[in-house]
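Per-entry structural report
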Amino acid sequence: LAELAAEINALAATHAQLHHGLDSRVEESNRRTEQEKNRLAALMSELAQSVLVCNAEGRILLYNARATELLDLGAAPGAGGSPVGLGRSVFGVLDKSAIVHALDQMRDRLARPGSGQAGVHFVTAHGQRLLRAQMAPVLDGAGGLDGFVLVLEDVTRSMERADRRDAVLQALTEGTRASLANIRAAVETVREFPQMDEAR
């Protein structure tokens, strides 16, 4: 019995040592993960672009202050609170069909080996604003889609400027068309009738 007790005690000590070693490894891994998360959060806070990091189901895992500012601007008045928050669905903030289509395109590109860049670009509406979105995949260990990163840019003003420029060019073209037609007719008349007197 004494030998059996000694063996049980040795086994218990080994088990406790392994358990303690496992706990310390888990603690170290958690500490490293937290450090990486803090580095990523610090990096994202300094970015000039609006960034959202989402899981594959569209839940927001990480975002920066610029994203909150941009998406709060286009939110419906009286909606109450910011539409952006941890754990909230990105589909409640941006057009679901545009995001789902972009995810399908990204999955298709990832499924084809050698297809190059899997990122997708699209434009979507948010309230009265137009946003250009760049979507990049976040891959799991097996190379499958584990989530995505959205980089958003408000292109409302640039689109409005482009529309105004197009309208000015159109007006300029329309305005000069009649004058150019008159000049062309005059030149053709002079070429066809060179014997006309100088005053005519």
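You'll find the structure just up there.
Residues numbered from 1 in each chain as written. Predicted model: local features only at pLDDT ≥ 70, side-chain atom pairs only at ≥ 80, totals over all residues. Heavy atoms only, no water.

1. Describing the overall build of the protein
Rules: Under the scheme used here, helices are H or I runs from DSSP no shorter than 4 residues and strands are E runs no shorter than 2 residues, and both carry numbers assigned from the N terminus. Radius of gyration here is computed from C-alpha atoms only, and the compact-globule reference equals 2.2 Å multiplied by the residue count raised to the power 0.38.
Check the secondary structure of the protein and you find four helices and five strands. Ordering the α and β elements of the protein from the N terminus gives α-β-β-α-α-β-β-β-α. Taken over C-alpha atoms, the radius of gyration comes to 32 Å for the protein, far larger than the 16 Å a tight globule of 200 residues would show. Taken over the C-alpha atoms alone, the protein extends approximately 135 × 45 × 30 Å along its principal axes.

2. Quick word on the sheet that holds strand 2 (residues 60-63)
So the rule is basically this: Pairs of strands are assigned from DSSP output, requiring at least two bridges between the strands. Every axis in this analysis is a line fitted to C-alpha atoms, fitted for helices over the stretch in contact. Angles between the N-to-C directions lie between 0 and 180 degrees.
The strand order 2-1-5-4-3 describes an open sheet built from five strands, whose pairing is antiparallel. The outermost strands of the open sheet, each flanked by one partner alone, are strand 2 and strand 3 (120-126). Each adjacent strand pair in this sheet contributes to an overall mean axis angle of 25 degrees, direction not counted. Pairing of strand 1 (residues 50-55) with strand 5 (residues 145-154), which is carried by six bridges, proceeds in the antiparallel orientation. Following the sheet pairing, S50 is matched in strand 5 by L152.

3. Description of helix 4 (residues 156-192)
Applicable threshold: Expected span, for any helix, means 1.5 Å times one less than how many residues it has. Two axes enter the definition of the bend at a residue: one is fitted to the seven residues ending there, the other to the seven starting there, and the bend is the angle between them.
Its 37 residues give helix 4 an end-to-end C-alpha distance of 53 Å, which sits within 8% of 54 Å, the value for a rise of 1.5 Å per residue. A maximum bend of about 30 degrees is found in helix 4 at R177.

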